[in-house]
Each structure stands twice: as C-alpha cells, then as structure tokens.
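# Structural description and commentary
The primary structure of each chain is shown beneath.
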Amino acid sequence: MVSERRVPNEVLIVTGMSGAGRSTVANALEDLEWYVVDNLPPQMLGTLLDLTGRLGQQLPHVAAVVDVRGRDLFGDLPARMAELRARSRLRVVFLDASDDALVRRFEQVRRPHPLQGDGTILDGIARERRIVAPIRENADVIIDTTQTNVHQLATRVDDLFAEEGAARHTVTLMSFGYKYGLPTDVDLVADMRFLPNPFWEESLRHLSGEDEPVREFVLAQEGAEEFLDAYSATLRAVISGYERENKRHSTVGVGCTGGRHRSVAMVRELATRLAEIQGLSVKVQHRDIGRD
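All values derive from a computational prediction rather than experimental measurement.

Rules and cut-offs
Residues numbered from 1 in each chain as written. Predicted model: local features only at pLDDT ≥ 70, side-chain atom pairs only at ≥ 80, totals over all residues. Heavy atoms only, no water. Pairing = 2+ DSSP bridges. Helix = DSSP H or I, 4+ residues; strand = E, 2+ residues; numbered from the N terminus. Axes fitted to C-alpha atoms, helices over the stretch in contact; angles between N-to-C directions. Contact = heavy atoms within 4.5 Å. 1 Å grid on protein atoms, 1.4 Å probe; cavity = no way out; pocket = protein on both sides within 12 Å on 5 of 7 lines; lining within 4 Å. Points joined across faces, edges and corners; volume = space filled by probe spheres on them. Nonpolar A, V, L, I, M, F, W, Y, C, P; charged D, E, K, R; others polar. Core = buried A, V, L, I, M, F, W, Y, C linked by side-chain atoms within 4.5 Å. Buried < 20%, exposed > 50% of the residue type's maximum accessible area, 1.4 Å probe, protein only.

Now for the sheet that holds strand 1 (residues 10–16). Two strands in a sheet stick together by hydrogen bonds in their backbones, pointing the same way (parallel) or opposite ways (antiparallel). Reading across from one edge, 2-3-1-4-5 is the order of the 5 strands in this open sheet, with parallel pairing throughout. Two strands in the sheet have a free side with no partner beyond their single neighbour: strand 2 (35–37) and strand 5 (141–144). Averaged over neighbouring strand pairs, the angle between their axes works out to 20° when direction is ignored. Against the sheet, helix 1 (residues 22–31) contacts strand 1, strand 2, strand 3 (61–65) and strand 4 (90–96), and its axis sits at roughly 160° relative to strand 1. The sheet contacts of helix 3 (residues 77–85) involve strand 1 and strand 4, and relative to strand 4 the element is tilted by about 145°.

What follows covers the layout of surface pockets. Over the atoms rolls a probe the size of a water molecule, and in doing so it shows where empty space is left. One number sums up the size of the largest pocket: a volume of about 700 Å³. If you trace the largest pocket, you find 25 residues lining it, with Ser18, Gly19, Ala20, Gly21 and Ser23 closest to the centre. Elements with a minimum of two residues in the lining of the largest pocket: helix 1, helix 4 (99–109) and helix 6 (150–161). Looking at the lining of the largest pocket residue by residue, the class counts come to 10 nonpolar, 9 polar and 6 charged.

Here the focus is the nonpolar core. Ranked by internal contacts, the top residues of the largest apolar core, which has 52 residues, are Ile13, Leu29 and Phe161. The next biggest cluster of nonpolar side chains, apart from the first, holds 28 residues, and it includes Met192, Leu207, Leu219 and Val254.

Below, the structure is given as structure tokens:
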C-alpha cells in the first residue's frame, strides 16, 4: 500500500504566528526537497496548484508560506483553504508559541512585529492572534514552538514530512592524497599513513584500492581491522549527534600519501560498515585516485 505522504502533488500551507518558526520550517522542507514559495498571497494558491498539476512529478511536493506579511491579502486565506481542499491534497501547518516566547524572539532580533504599528510588540501579537484564529481552528497540524529550538523544530518537520525510507543523514566518504593537499570541505579527517604503503610492492603499485589484491594487502596489515572497528563506532556516534542537531550532510576525509591505495581501500571498507546504519545514505568519492 502506498503511503499517503508519497502521493504526488502534495500541497502544504505553512502559516501561523510571526516569530513562531515559519522560516525554520520552510528551510527544513527545502532540505527534504520540497519546492517552497515564501510569502505567497493567498489569491495565488490556486495558480500554484494548477502549476503543480501540469508539472506532475517535477514538483511532487510543494509548500507555500502564507502569513500576515501579505497584509490585507492575508484575510482571504480561510476561503482559499476551503476551495483548495475541495480539489487537492492540501495540508495546513500552523506554527504557534506563547506571547512571552514571541516577544523574546522579536526583541532578540530587534525587529518590530509586522502588525504592531505605533504600538508594542504585544499589541501586534494580539492583533495577529485575532486574525489567524479561524485558520488555526482549521489547521491539520499545530506545532507549538514555545519550548522548541530550531534544531528540534527541523527534526519535527522531518518526522512529519520526510518520505518513508528517506535518509535522515548523508555521509560522503572521500579518499585523498596528502601530497595534493587536505580537502577544504570535510568535517572529519582520518590518516591512513600508519599502514604500510602498497606503492612499494611492485605487483601492487599500478593497482588501486579498488582492486582486490590491494584491498587484501591493506586489510591484512596490523592495526587495519582495529582501526576500522574503532572508527566505524566513532562515526556512528558522530552521525547520531549530527542527526540530533539536524545536520543532514557530512563529509569524512580518509587520506594516505597519494590517495590511490590505502585511503581508497579503507573508504570502501568504512562504506560497507556504515551502510548497515538504518536511515543513513553513504556516498563514496575518490578525489585523487587517478592523479599518479
């Protein structure tokens, strides 16, 4: 049976109180490969829906952030929601928070509430609550962010809207050669130069860590298996932490002298071990394998 969340052309309206986390939700949806339109007037929701229908699988999941920044146009949202529900798979997410939390957030960024005018931030919040009350009553999902930080909110979005089976985190394992310089875009680096170099074996010199004789030579060296066991466990802990902090991508550099033998073989072994982690996507890159 196909999961409801995987039906094509799903449309999501993200709305709610200013300062409650709409931008965080929009960014999290983009990380999940949703097409997100920010500050869309409600009157254009029908046009957006028509577009998604014509494009089909090119835009399978679309979200529109609609809020009081639209001023007088925003008042038309309840009527537009009713129209769209009659002809589409529409869900409405409403972000809320306590007045105290919203005031603190506006004070921290030193910006006025969009509806406060000549009054206070609390005046603006009160006006907004009156306007959005009917929308909140008809929302499909209400998320209270009073006690939630941006990472926790992004994780909540992931739980609600990620496709079943989608990777929670993607790790790229990159082999490289130190003689060509350290990669600049890695989060962690491991050095394989503690292992004997297959380059000095005449029969292995022309091969790479992708070849079985080199792989066997590297893994047979003292300390190789011990390193793989220990570093795999370390990466599991690190990746779990990245997931809790909603860091969705990371790169691990594994280096040796030329980036052809030891680092390539060890990256392959690490990839095999990490591929066993549920919800993790593992990618392999060999930066310098053909440079010698």
